[in-house]
Amino acid sequence: MVRTNTFNKEEFKKDIKDNCKLLYRKNIDECDDQQKFQAVAYSVKNIIIDKWIATHKEYEKQDVKIVCYMSMEFLMGRALGNNMINLMAYDEIKEVLAELGIDINVIEDQEPDAALGNGGLGRLAACFLDSLATLEYPAYGCGIRYRYGMFKQEIKDGYQIEVPDNWLKDGNPFEIKRDEYRYEVKFGGYVRSYRDEKTGRDMFVQEDYRSVIAVPYDLPVVGYGNNTVNTLRIWDAEPVNTFNLNSFDKGDYQKAIEEENLAKNIVEVLYPNDNHYAGKELRLKQQYFFVSASVQRAVDQYKKHHDDCRKLYEKVTFQLNDTHPTVAVAELMRILMDEEGLEWDEAWDVTTKTVAYTNHTIMSEALEKWPLELFSRLLPRIYQIVEEINRRFVEEIKTKYPGDQEKIRKMAIIYDGQVKMAHLAICAGYSVNGVAKLHTEILEKQELKDFYEMMPQKFNNKTNGITQRRFLLHGNPLLSAWITDKIGDAWVTDLPQLKKLLPYVDDEKAQQEFMQIKRKNKVRLAKYIKEHNGIDVDPDSIFDVQVKRLHEYKRQLLNILHVMYLYNELKKNPDMDMTPRTFIFGAKAAAGYRIAKLTIKLINNVADVINNDASINGKIKVVFIENYRVSNGEIIFAAADVSEQISTASKEASGTGNMKFMLNGAMTLGTMDGANVEIVQEVGIENAVIFGLSSDEVIRYENEGGYDPMEIFNNDQAVREILTELINGKYSPEDPEMFRDIYNSLLSNQGGRRADTYFILKDFRSYAEAQKQIDARYKNSAGWAKSVMLNVANAGKFSSDRTIEEYVSDIWKLKKVHVPMN
Ligand SMILES: *Cc1c(COP(=O)(O)O)cnc(C)c1O
C-alpha cells in the first residue's frame, strides 16, 4: 500500500515534547502517563487536521450527496491506536515513543473508551464510520455527546456494581467544539395556527415552549491509507440563557430554571438498556434533541448552495439506526413545511426519498411504542404531523384492503393510544432493511408480513459486518503480521483476500505458526486476567468465550448450567478424559434487569466453587471479566479458541461478536441464528459446531404457546441435578434461596410469561453434545488448526466494508470522493 502521508519521526517527536510544554508547562519526562497520552494524541490530531479540512473542502467543491448515519449510540472504543493504524503510522509512532522511553501500550491504556453505546447496535455504527471513511464515501455520524457513557462495571462479592463513566474528566483531545453550529430545540407548549393573509397558507407556531441549545462537537473519523477524514458529530445541550438569579420576574425565573435543568438532564447519561424499550420521557427528549439539531443542520448546509428544498434528497440521506431516531421523519416534514414553505405533498415527496430505516430486532419488548399523551405533550407540532401521516396511511390501507379492519389494527402508526415508531419508519422510509439474511426473512414472512405485502420494494437485507482495521490489525498485531507475511497486506482494505490463506491450512508449519500466535495471545489474555481477577488460567487449556451483553435470549444461563453439569460429571469421574477448559464470560446487565444481574452473580458463585476445588486439578476454570468493552474485547477476541454464539434461534438479529471471533481464528459453537447461519455457509458446517432448535422450530413452539420443561426435568436426571443445585445452596450456602428466581423462570409459568421462554432446557442436551464435540475436535490438533485457519480464510464476507458497499449501491447511491493533498 502506498503511504499517503510522509511521516517525519523527528518532527513528530518534537511535536510531542512541545505539547507537553504547551499543555502542562512540563518537560516530557516530568509528565505522568495521562499527560503523555494527551501530548501524543494532540500530535496525532496534528497529522489528522489538514486531511480533515481538505476532506470537507472537497465535499463542498464536488457538491456530493452525503449520508447522515443517525444513531443514539456510537460505541467507538479508543481513538488513539485506531487513528495511528488508519494513518498507517502505528509502527513509526511506536518507535518514536520507544526512543523517548515510552511504552505505546501504556499510553494507549490511558485513554478511556468512548463508550457511547450499549453493545452490537452502537458498535455497528462505529464500524460503519470506519468503513465509510476508508472507502472514501462522504458521511456524518450524528449522535449525542453523553456526559456519562455506558456505566463501568465493577464486580463486588460476585454482584455487578454500576459506576458512572466520567469519560470526559481529562478532556477529549480529538474533539472540536463547533460553536458556530448552534440550534434551538423546542419542547412542550402548544401549537397556535393562523391563516397568513398574504399567502393564504395555514401557519403553525409552537408557543409557550421550553427550549435548549444544541451545540455540536466534532470527532475525526480517519480513513485507512487515504486522505479522507469524516466527522462524527455529537450534540451537547446548553441552556438558552444563562439565567439571572436576581430576576424579579417570577415567570421568567421559573422558566429559566426549567430550561437550565432541561439542558443539564438531556445529555447527562446513556440509557443502559440493550434491546429493551423502557418508555422514559427523558429518552424521547434525547431522541428529538439530537434528531432536530442534525436535521436542522443538514437543511442549512444544503441551503448554503441550493435554493430548492424539493431536491434535498439529491444531496443528503438519513439512515435511521433502529427506530430511535424516527422522529426525523416528522421533524423533516416540519422544517420543510413550517420553515421552508413547502406544501404537504411536496414535503412528503422529499421526506420519503430522504429517510431509510434499519430494523435491528423482532423482539416485542424492544419495540418503541410511545404513549400518545406523552408524545403529544412533549412534541405538540411533531405529533400533529404524525397524526396526519397516520390519517393518510390508514386511508391508503383502506383503499388497498377495503373493509379489512384487522390490517388497520396491525399496521396503523397510531393505534390504541400509542405511537408505533417502527410503523412510522416503514411508512415513510424509502428502504427497510434487516441485518442478516435470516433476520430479513423473518421480517418479511412473519413480523412485518403485512408491510412486506403492501410495499415489498422497500425491503432488503444488509448483513452486518465489522472493521478488520480495529478487530484484526489493531487488536491482533501478531496474527496480522503473519497474514501479511503470507499473502501481503491488501486484506486490510479488501478482506476477501484472506482466501489466499487457503493453501496454508494443510501446511503443518503454517499450522504450528498459527497456533503459536494463538497461544501468545492466550498468554496476553491470561496476564490480563491475572492482573484484573487474580486468577491463574492455563494458556494450554481451551479458551471458551462468551462476551456480549447479558440478556436472557443470549443464554449465558445455558452456558453456566452446562459448566455446572460438566463439573458434576468430572466429580463423578475424576479420570474423565477432557482437555482442560477455561470458560470466560464478560457481560454488562442493564441496571434494572433483575434476572440478568442474578445470572452474573450465579456465574461468579459457580466460578468461586469450581476455581477453588483442588480435586479437579484445574481442569475447569471459570472467569468473569469485569467491565467488558471494546478495548478489552480486542484482547479477548484474539485469544479465543471457542466462540459461544448460543442465542435462542430467531432472537439474535445478526450478532457481530461472532464475526470478530471468526476473524481471529476461533471456532463458532452456535445455534442457527442471525449471522451464524451465514458464517456456517462461508466456512462450511464441518468447521463450526452447530446445535439446538432451528428458528422455524422455535417460532412453531411459540405459536403453540410454548413447550413443557417439566417433562425434561422429570426425565433427565443430570438436568434435574443442576436445577436442584440452584436452590439447595451448593453455589450459595449463605442463602440457598438466592437463585430461586432463575429456577422458577425455567420451570414455572409466571404471570403471562412462559416457563423457559428461551428454550434453555429444550436445547440443553444438544448443547452438551456440541460441547463434547468441541473437546473431541480440539484433541486432533492438526484438524483443529486447519478448521480455525479456515475460519480466518473465509471471514472475508464479514467486513463492514462489504456491508457499506451494499448500503451505498442499493440504498444511499453515494459517489466516492478522492481527497487530494497538495
Ligand atoms: C461486538 C461487540 C458487541 C456485540 O456483540 P454480540 O455478541 O454480537 O452481541 C457488544 N459489545 C462490544 C464491546 C462489542 O465489541
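Everything below is about the structure shown above.
Residues numbered from 1 in each chain as written. Predicted model: local features only at pLDDT ≥ 70, side-chain atom pairs only at ≥ 80, totals over all residues. Heavy atoms only, no water.

Asker: I tried to follow the pattern of salt bridges on my own but got confused; where do I start?
Answerer: It is possible for side chains of opposite charge to pair when their charged atoms get near one another. If you walk through the whole model with that rule in mind, you get 73 salt bridges. In this structure, K410 engages D450 in a salt bridge whose closest nitrogen and oxygen atoms are separated by 3.5 Å. Of the two residues, K410 is situated in helix α13 (residues 405-411) and D450 in helix α16 (residues 449-454); the sequence distance between them amounts to 40 residues. Residue K410 is classed as partly exposed on the basis of its relative accessible area, which comes to 36%. D450 sits in the buried class, given a relative accessible area of 11%. With a shortest N-O distance of 2.7 Å, R765 and D716 are connected by a salt bridge. Placement of R765 in helix α29 (residues 760-779) and of D716 in the loop between α26 (709-715) and α27 (717-725) is noted, with a sequence separation of 49 residues between them. Of the residues examined, D716 reaches a relative accessible area of 13% and is grouped as buried. Taken together, the shared-partner salt bridges in this structure form one network comprising K9, E10, K13, E95 and E99. (Salt bridge = Lys/Arg side-chain N within 4 Å of Asp/Glu carboxyl O. Helix = DSSP H or I, 4+ residues; strand = E, 2+ residues; numbered from the N terminus. Buried < 20%, exposed > 50% of the residue type's maximum accessible area, 1.4 Å probe, protein only.)

Asker: Help me out: how do you make sense of the nonpolar core in this one?
Answerer: Looking at soluble globular proteins, one finds that nonpolar side chains tend to be buried together. By size, the foremost hydrophobic cluster in this structure holds 275 residues, and its most contacted members are F289, F375, I620 and L726. In this view, L726 contacts L561, M564, L602, P736, F739, R740, I742, Y743 and L746; residues no more than four positions away in its chain are not counted. (Core = buried A, V, L, I, M, F, W, Y, C linked by side-chain atoms within 4.5 Å. Contact = heavy atoms within 4.5 Å.)

Asker: Whenever I open this one, helix α19 (residues 508-533) confuses me. Can you help?
Answerer: The end-to-end C-alpha separation of α19 is 36 Å, in line with the 38 Å expected for 26 residues at 1.5 Å each. Among the residues of α19, A510, Q511, F514, I517, K518, N521, K522, L525, A526, Y528 and I529 are the ones counted as buried. The backbone nitrogen of K509 lies 2.9 Å from a side-chain oxygen of the residue at the head of α19, namely D507. Immediately beyond the C-terminal end of α19, within one or two residues, lies G534, with a positive phi of roughly 70°. (Expected span 1.5 Å × (residues − 1). Polar contact = N/O pair within 3.5 Å; in protein donor to acceptor, adjacent residues only side chain to side chain.)

Asker: I'm lost on the sheet that holds strand β24 (residues 667-670) in this one. Help?
Answerer: One open sheet holds the 6 strands; their spatial order is β22-β21-β20-β23-β24-β25, and the pairing between them is parallel. Each edge of the open sheet is held by one strand with a lone partner, namely β22 (620-624) and β25 (689-690). Looking at chain direction, strand β20 (residues 542-547) and strand β23 (residues 642-645) are connected through 2 bridges and run parallel. Bridge pairing in β23 places D544 opposite V642. The strands that helix α21 (residues 594-611) touches are β21 (581-586) and β22; relative to β22, the one it contacts most, it runs at about 145°. (Pairing = 2+ DSSP bridges. Axes fitted to C-alpha atoms, helices over the stretch in contact; angles between N-to-C directions.)

Asker: Please explain unusual backbone geometry as it appears in this structure.
Answerer: Most peptide bonds take the trans form, and the phi angle of most residues other than glycine is negative. A positive phi angle, close to 55°, is found at R25, a residue other than glycine. Position of R25 relative to the elements: it lies in the loop between α1 (9-24) and α2 (33-62). Residues other than glycine seldom take positive phi values, yet N275 does so here, at roughly 55°. Among the secondary structure elements, N275 is positioned in the loop between α7 (250-266) and α8 (281-305).

Asker: How should I be thinking about the side chain of S211 in this particular structure?
Answerer: Structurally, S211 can be placed in strand β11 (residues 210-222). S211 gets classed as buried once you look at its relative accessible area, which sits at 2%. At 2.7 Å, the side chain of S211 and the side chain of E184 are in polar contact. Sequence-distant contacts of S211, defined by excluding residues within four places in its chain, comprise E184, V185, K186, V240, E259 and L262.

Asker: What is the right way to look at the packing of aromatic side chains in this model?
Answerer: The geometry of an aromatic ring pair comes down to the distance between the two centres and the angle between the two planes. In this structure the tally under the stated criterion is 19 aromatic pairs. Between W482 and F514 the ring centres are 5.6 Å apart and the planes differ by 75°, which places this aromatic pair in the edge-to-face class. Of this pair, W482 sits in helix α18 (residues 477-487) while F514 sits in helix α19, and the two are 32 residues apart along the sequence. Taking 4.9 Å as the distance between ring centres and 70° as the angle between the ring planes, the aromatic pair formed by Y778 and W784 counts as edge-to-face. Overall, the relative accessible area of 2% leaves W784 in the buried class. Ring pairing ties together the aromatic residues Y69, F128, Y807 and W812, which thus form one cluster. Cation over ring: K522 sits above F543, and NZ or CZ is 5.1 Å from the ring centre. In this structure, K588 packs its charged tip against the face of F151, placed 5.8 Å from the ring centre. (Phe/Tyr/Trp six-rings, centres within 6.5 Å; stacked < 30°, edge-to-face > 60°. Lys NZ or Arg CZ within 6 Å of the ring centre and 35° of its normal.)

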